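# Coordinate analysis (summary)
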Amino acid sequence: MDFEKERQEAIDAGNRALRSLRLAQKDLNSARGWGIYDMLGGGMISSLIKHSKMNDAQAHMQQAKFDLDSFSRELSDVSSYIDLSFNVADFLSFADYFFDGFLADWFMQDRINTARAQVDDAIRRVEYILQRL
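Rules of the game
Residues numbered from 1 in each chain as written. Predicted model: local features only at pLDDT ≥ 70, side-chain atom pairs only at ≥ 80, totals over all residues. Heavy atoms only, no water. Core = buried A, V, L, I, M, F, W, Y, C linked by side-chain atoms within 4.5 Å. Buried < 20%, exposed > 50% of the residue type's maximum accessible area, 1.4 Å probe, protein only. Helix = DSSP H or I, 4+ residues; strand = E, 2+ residues; numbered from the N terminus. Contact = heavy atoms within 4.5 Å. Salt bridge = Lys/Arg side-chain N within 4 Å of Asp/Glu carboxyl O.

### As for the nonpolar core
In this structure, Leu21, Phe71, Leu75, Val126, Leu130 and Leu133 are the most contacted members of the largest nonpolar core, which totals 23 residues. Taken together, the elements giving at least two residues each to this core come down to α1 (3–39), α2 (43–78) and α5 (105–132). Residue contributions to this core peak at 8 residues, all from α1.

Structure below.
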């Protein structure tokens, strides 16, 4: 096995995961802002924009799940050379949890904030591993 080639593949996969996570982060931040505005009486337009941003975030989070899984597989190829632990299962549930039926605006804001924190954590972990690679 060519370590340098495997290392580069892991770095590329990590960078793809970071891109997806950052896009999800951007959409979640926007959805949060629109959600706050909506709770303060923003009306139908703000509600529509918030839901649009949430749909965008969902698409990016689904892509991030795929990219994180790919990153995990690539890391396993270099794990015999470098001790790196990354449990993709920690992140696979955040998109499912986030979009599992909203009942009220307050509950939605809580889920947006939870998903934002999980995306932020995933970004930090991927960046840390990429620095070690």
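### Let's talk about the environment of Trp34
Relative to the assigned elements, Trp34 resides in helix α1. Between the alpha carbons of Trp34 and Leu48 there is a distance of 9.2 Å; along the sequence they are 14 residues apart. Sequence-distant contacts of Trp34, that is, excluding residues within four places in its chain, are made with Ser46, Ile49, Lys50 and Lys53.

### Looking at the environment of Val78
Along the chain, the position of Val78 falls in helix α2. In the structure, Val78 is positioned 69 residues away from Glu9 in sequence and 9.6 Å away in space, judged by C-alpha atoms. Contacts of Val78, omitting those with residues within four sequence positions, involve Phe3, Glu6, Arg7 and Leu133.

### Some points on the pattern of salt bridges
Overall, the coordinates contain 6 salt bridges when judged by the stated rule. Between Asp121 and Arg124 there is a salt bridge whose closest N-O contact spans 3.8 Å. Here Arg124 and Asp121 lie together in helix α5, a separation of 3 residues that amounts to about one turn. As a salt-bridge pair, Asp121 and Arg125 come within 3.3 Å of each other at their nearest N and O atoms. With Asp121 and Arg125 both in helix α5 and 4 residues apart, this pair spans about one turn of that helix. Overall, Arg125 belongs to the partly exposed group, its relative accessible area being 35%. Several salt bridges converge on common partners, so that one network encompasses Asp121, Arg124 and Arg125.

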